[in-house]
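Read off the chains here:
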Amino acid sequence: MPEPISNRTGHPAKLHPVLSPARARLSLLLSLGVLTAGAWALTLYQAFVMAKPTGIAVPSGSTMEGMSMDSMSGMAMTGTPVVVWSLQEAVAFVAMWTVMMAAMMLPAMTPMVLTFAAAQARRVRIMTIPTWIFIAGYLLVWLAAGLLVYILVQAGSSVIAHLSSAEWERWMPLALGAVLVGAGLYQFTPLKRTCLAHCRSPLAFVALHWRDGRAGALRMGLRHGVYCLGCCWALFAVLVAAGVMSVAWMLLLTLVVAIEKLLPLGQRASAGIGVALLILGVAVGSGAALMPWLAAAIGRGPG
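Some details on the overall build of the protein chain
Helix and strand counts for the protein chain come out as 12 helices and zero strands. Overall, the protein chain shows an N-to-C arrangement of helices and strands of α-α-α-α-α-α-α-α-α-α-α-α. For the protein chain, buried positions account for 46% of its 303 residues. Long-range contacts, defined as pairs at least 24 residues apart, comprise 79% of the intrachain contacts of the protein chain with a sequence gap of at least 6.

Considering the packing of aromatic side chains
This structure, assessed with the given rule, holds eight aromatic pairs. Over the ring of Trp 210 we find Arg 123, and its NZ or CZ is 4.1 Å from the ring centre.

Things to note about the side chain of Thr 254
Among the secondary structure elements, Thr 254 is positioned in helix H10 (residues 247-262). We classify Thr 254 as buried; its relative accessible area is 14%. In contact with Thr 254, not counting residues within four places along its chain, are Trp 40 and Met 104.

Regarding the pattern of salt bridges
A full pass over the atoms with the stated rule returns one salt bridge. For Lys 192, the salt bridge identified is with Glu 260, shortest N-O distance 2.9 Å. Within this pair, whereas Lys 192 is found in helix H7 (residues 190-200), its partner Glu 260 is found in helix H10, the two being separated by 68 residues in sequence. With respect to burial, Lys 192 and Glu 260 carry one shared label: buried.

Calculation rules
- Residues numbered from 1 in each chain as written.
- Predicted model: local features only at pLDDT ≥ 70, side-chain atom pairs only at ≥ 80, totals over all residues.
- Heavy atoms only, no water.
- Helix = DSSP H or I, 4+ residues; strand = E, 2+ residues; numbered from the N terminus.
- Buried < 20%, exposed > 50% of the residue type's maximum accessible area, 1.4 Å probe, protein only.
- Contact = heavy atoms within 4.5 Å.
- Phe/Tyr/Trp six-rings, centres within 6.5 Å; stacked < 30°, edge-to-face > 60°.
- Lys NZ or Arg CZ within 6 Å of the ring centre and 35° of its normal.
- Salt bridge = Lys/Arg side-chain N within 4 Å of Asp/Glu carboxyl O.

In short, the description is geometric, and any link to function would need to be established separately.
Here it is as structure tokens:
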């Protein structure tokens, strides 16, 4: 059997093995599963090293005693008043944030990835590299968001560091309640509905925004990341306020995102989630209800 000849060079062309669509899909699913599991393992390890959630609703004085310098350095990444503005801290925080976002968002993103991969395979057969470029573009958006979160967390930590115990007790429930109410109200905005509709419709997204080539895959990943950020930023504002490394909030928000994006009644569920956030925000802000770690900490103050 003669070797295939390259049209451009006249030399024998190299044959690249191509997996069948079913095997390629299975390989991609397994790879996403391994990536997600690894991201969760790193995130949970970081959370348990931190020992307890830290954020605007958690005082620093009760957590700093007996901690190593490495632990105190880690606390600066999560919102307590150990304020260290440095490139090293920023890189560490953004890396931790990006891994956490991969753990929380990849499960809900899987249908979009599979749809993109299938569309890519129909056009050029080789789908692996463009698909991972698409995923990388998506995660780049969350990486950029992590840098903004770092700046906001450090700025908030600077403010908290100057609060007296009485001021902390008065303002922290109000601040957390305001964030919860804001997240609840955002669930009913046109921007939320638009972004959620794009995230819930992989076929429509691919049809509307398709770009060829690896650069096109990167652009599509970035665009999908922006829609996803527009859909979920308010929910993650709650995570930042209540404690970046709070495992309970991470698991709860992962479930909320999956419900909104994957279930048939996700749009209606989004409204129900908004109502729940509004009720919780009013309860926390008024003092009628406290987060468990906030209830335990009231009276100790920030230092």
